[in-house]
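Descriptive analysis of the structure
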Amino acid sequence: MLFHGSSLPPPSSLNAQDPASLLSFPVTSSVAVIIHLSSTNLINWLQRSFLLLSPLVCSQSLQVGYGGWQNISMAKYFTDYANLCFEVFGDRVKHWVTFSDPRTMAEKGYETGHHAPGLQLHGTGLYQAAHHIIKAHAQAWHSYHQTWRSKQQGLVGISLNCDWGEPVDSSNPKDIEAAERYLQFCLGWFANPIYAGDYPQVMKEYIGRKSAEQGLDVSRLPEFSLQEKRYIKGTSDFLGLGHFTTRYITAKNYPSCQGPSYQNDRDLIELVDPNWPDLGSKWLYSVPWGFRRLLNFAQTQYGDPPIYVMENGASQKLHCTHLCDKWRIQYLKGYINEMLKEPLLSHMQMATEIAVPTVCTLCVLIAAVLLTILLHRQH
């Protein structure tokens, strides 16, 4: 459930026993709304689900006034906001997700400009944003662990989206390496620092080499200090996974003279099989076996963590005036069956994602901190 909007409907419109009414409930991103929610039965329904702290995009006011996720101070603002949510809702919410699909936040917000804040800082902006998002996640996790966990007994994790990458030629070492590189630049970009303490080695090597060839003294991929690596490693009680489709991957060398970009840094091409069933979105194909391979990869790569499937599904294929979901049923059936095969069955759980957006302006974030201080003084 994604709460959004700029106006708050009357509490009478809420029915905690009716999920449909909750799913359509728009909420403003403000401290006043957090207080309002805490006084309704809505949050009692949330305790059976996962609560997402961050929206997919950074607000324009935070971007213009403070540089958004290009500014490390965002990590502290986010942690202050998370602490307020932990304090107000933590007695009932037991599963917290700091960020959902942060790779898309970074890539589309600071590389392609397709999402807010709409910047095109090719080959630099997305890595800087991701660096700060990872630190923000770690700070929120540590804050919960040190202050709230013993009292609330909840869990804090992150949700990462990634398609599966299959080598075009499974007998070609270059394609095998390219498929591995695809996964590390996608899932490993965020998961590796959290589970191993640093970015994947292949990312450091490729981006570092191309940066040097482009005449830069330092890599475009930021570095974590030794202290930061230790601080970030292990900051997830579970791994959320979002997955929709698969790509065939083959190696392709992009000369550094073409300029910095996330796509060129990876040195690969993504392909699809024309025989795969296509669905509502032009990028979406039904490839259930890729789901199982991604789950196996995450399970073995990151030390067999608890995994929750946070995102999966198919968009509308045809415009219908009546129920016509057989193709969607087949998609979901195929993907769920892959997840339920042994030995994954004992490790997997399905989760309904419940999302509450982060506050949208700095003044609201400051208000959240001041409110928290006020609440402490009153008790």
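Everything numeric in this text was worked out from a predicted model, so none of it was measured. (Residues numbered from 1 in each chain as written. Predicted model: local features only at pLDDT ≥ 70, side-chain atom pairs only at ≥ 80, totals over all residues. Heavy atoms only, no water.)

Topic: the pairing of strand S5 (residues 239–242)
- By the alternation rule, side chains of S5 split into Leu239 and Leu241 and Gly240 and Gly242, which are all buried.
- Sheet analysis places strand S3 (residues 155–161) next to S5, joined by 4 bridges and oriented parallel. If you follow asparagine 161 over to S5, its bridge partner there is glycine 242.
- Pairing between S5 and strand S8 (residues 307–311): 4 bridges, direction parallel. Within S8, the position partnered with glycine 242 by the bridge is glutamate 311. (Buried < 20%, exposed > 50% of the residue type's maximum accessible area, 1.4 Å probe, protein only. Helix = DSSP H or I, 4+ residues; strand = E, 2+ residues; numbered from the N terminus. Pairing = 2+ DSSP bridges.)

Observations concerning the environment of glycine 259
- With respect to the element layout, glycine 259 can be found in the loop between strand S6 (246–251) and helix H11 (262–266).
- In the structure, glycine 259 is positioned 46 residues away from glutamate 213 in sequence and 9.9 Å away in space, judged by C-alpha atoms.
- Discounting residues that sit within four places of it in the chain, glycine 259 has contacts with Gln214 and Asn264. (Contact = heavy atoms within 4.5 Å.)

Looking at the nonpolar core
- Ranked by internal contacts, the top residues of the largest apolar core, which has 81 residues, are Leu53, Trp69, Trp96, Tyr127, Leu187 and Trp189.
- Setting aside its immediate chain neighbours within four residues, tryptophan 96 contacts Leu51, Leu53, Cys85, Phe86, Phe89, Gly90, Tyr144, Leu155, Val156, Gly157 and Phe238.
- Core analysis: the second largest hydrophobic core is formed by 6 residues, Phe50, Leu52, Phe238 and Tyr308 among them. (Core = buried A, V, L, I, M, F, W, Y, C linked by side-chain atoms within 4.5 Å.)

Describing the environment of proline 167
- In this fold, proline 167 is placed in strand S4 (residues 164–167).
- Each C-alpha atom, one on proline 167 and one on isoleucine 249, is 4.9 Å from the other, the two residues being 82 residues apart in sequence.
- What proline 167 contacts, discounting residues up to four positions off in sequence, is Asp175, Ile176, Ala179, Tyr248 and Ile249.

So, the packing of aromatic side chains
- Scanning the model with the defined rule gives 24 aromatic pairs in all.
- Measuring from ring centre to ring centre gives 4.8 Å for phenylalanine 50 and tyrosine 308, while their planes differ by 65°; the resulting arrangement is edge-to-face. Taken together, the residues span a long stretch of sequence, with phenylalanine 50 in strand S1 (residues 50–52) and tyrosine 308 in strand S8 at a distance of 258 residues.
- By relative accessible area, tyrosine 308 is classed as buried at 9%.
- Geometrically, the ring pair formed by tyrosine 127 and tryptophan 189 is edge-to-face, given 5.7 Å between the ring centres and 65° between the ring planes. Here tryptophan 189 lies in helix H8 (residues 173–196) and tyrosine 127 lies in helix H7 (residues 125–152), a separation of 62 residues in the sequence.
- According to the relative accessible area criterion, tyrosine 127 is buried, its value standing at 0%.
- Aromatic ring contacts, followed pair by pair, group Tyr127, Phe185, Trp189, Phe190 and Tyr262 into a single cluster.
- Across from the ring centre of tyrosine 206, 5.1 Å away, lies the NZ or CZ of arginine 209, which sits over that ring. (Phe/Tyr/Trp six-rings, centres within 6.5 Å; stacked < 30°, edge-to-face > 60°. Lys NZ or Arg CZ within 6 Å of the ring centre and 35° of its normal.)

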